[in-house]
Amino acid sequence: MSRGAAGPRIVFWRHGQTSWNLESRFQGTTDIALTDQGVFQAQRAARLLAALKPDLLISSDLQRARRTADELARLTGLEVDHHEGLRETYAGEWQGLTNSEIRARYPEEYEAWSRGEPVRRGGGELATEVADRAVPVVLDAVDKLPDNGTVVVVSHGGTIRTMIGRLLDMEPAQWERFGGLSNCCWSVMGQGARGWRLLEHNAGTLPQPVIGDET
C-alpha cells in the first residue's frame, strides 16, 4: 500500500493467534490471551505496519487485540485508544465451543447462518448489530485524521468483515463473501470520489490457513 496515496486510509488489523484459534473455538467476547506465537506474529506485523507511519491507532479492548496493538504502539510512539465497540461478535452459547460442537448442538441455527440468513448465533448479536457499534468508532477516528492520514484498527476477524461490508454499502447477506483474515494480517480501505474501496485484503504474509471463530 502506498503511503503517498491521496485520501484517508483504514488498516483493519486482526489480532495474533490464541489457543482458542488453534482449537477452532468460537471466542466471541471471551477474553483470551495471545499465545507466544501470537505475540511473535504481532511483533512481526507491527514492524511492517510501522513503515506506513500511521497517524492514529485504535483497538478492541479485549486483551488479544490490546496486546497486538501494543506492539505497534511501541514502535510508533502512538497511544492506543481502546473501544468496547470494536470487540468480536457476542455469540452467547456458542462461545467456547468448537466448530464441530456448534454443528452438533445447534444444527438448525448453524445451517441457517451458513445459508447467509440473519442469525443470533448462540442468542448473541446479529452481524448488522456488530457493524452498528463498530463502524461509528472507526469513522470517528477517520474524522480526526490529517489529510491523507492513516488509522490502524486492531480488531477481530468477524467484526472486521462486518465493517468492510458496511463501508462498501454491501447487503449484509453478501458480507460472508469476504474470506477470513489470518492472524495478524490486515485489510486496507481507501476513500475515493465514489466512497470507500477495498484496496487490500488478508495482506501481510504469504498465504496461510485462516483459523479462528468462523473456520
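Scope of this entry: the structure provided in the associated data block. (Residues numbered from 1 in each chain as written. Predicted model: local features only at pLDDT ≥ 70, side-chain atom pairs only at ≥ 80, totals over all residues. Heavy atoms only, no water.)

### Focus: the nonpolar core
The biggest cluster of nonpolar side chains holds 23 residues, and the ones touching the most others in it are I10, F12, V138, V153 and M163. At the level of secondary structure, the elements contributing two or more residues to this core comprise β1 (9-14), α6 (127-143), β4 (150-155) and α7 (157-167). Broken down by element, this core gets its largest block of residues, seven residues, from α6. In contact with V153, not counting residues within four places along its chain, are I10, V11, F12, W13, I58, L86, V138 and M163. Counting residues in each nonpolar core, the second largest holds 20 residues, with A45, A69, A73 and V80 among its members. (Core = buried A, V, L, I, M, F, W, Y, C linked by side-chain atoms within 4.5 Å. Buried < 20%, exposed > 50% of the residue type's maximum accessible area, 1.4 Å probe, protein only. Helix = DSSP H or I, 4+ residues; strand = E, 2+ residues; numbered from the N terminus. Contact = heavy atoms within 4.5 Å.)

### What about the pattern of salt bridges?
Counted under the stated rule, the structure contains eleven salt bridges. Measuring nitrogen to oxygen at the nearest pair gives 2.8 Å for the salt bridge that ties E23 to R25. Of the residues examined, E23 reaches a relative accessible area of 41% and is grouped as partly exposed. Residue classification places R25 among the partly exposed residues on the basis of a relative accessible area of 23%. Salt-bridge contacts for R120 lead to E129; the nearest nitrogen and oxygen are separated by 2.8 Å. (Salt bridge = Lys/Arg side-chain N within 4 Å of Asp/Glu carboxyl O.)

### Remarks on helix α5 (residues 107-114)
Three- or four-residue spacings in an α-helix give side chains the same orientation, since the helix completes a turn every 3.6 residues. Among the residues of α5, Y110, A112 and W113 are the ones counted as buried. For α5, the angular spread of the buried residues around the axis is 160 degrees, confining them to a single face. Looking at the buried side of α5, the elements it contacts are α4 (99-105). Backbone geometry just downstream of α5 places G116 in the positive-phi region, at approximately 90 degrees. (Arc of directions from axis to C-beta.)

### A look at the environment of A42
If you trace the backbone, A42 turns up in helix α2 (residues 36-50). In this structure the C-alpha to C-alpha distance between A42 and D147, which are 105 residues apart in sequence, comes to 28 Å. Not counting the four nearest positions on each side in its chain, A42 is found in contact with W13, T68, E71 and C184.

### Re the pairing of strand β5 (residues 186-192)
Taking burial as the measure, the seven residues of β5 include five buried ones, the bulk of the element. Relative to β5, β1 is paired through five bridges, and the arrangement is antiparallel. Looking at β5, one finds that I10 is bridged to M189. Taken together, the six bridges between β5 and strand β6 (residues 195-203) define a ladder with antiparallel strand orientation. Paired with V188 across the two strands is E200, which belongs to β6. (Pairing = 2+ DSSP bridges.)

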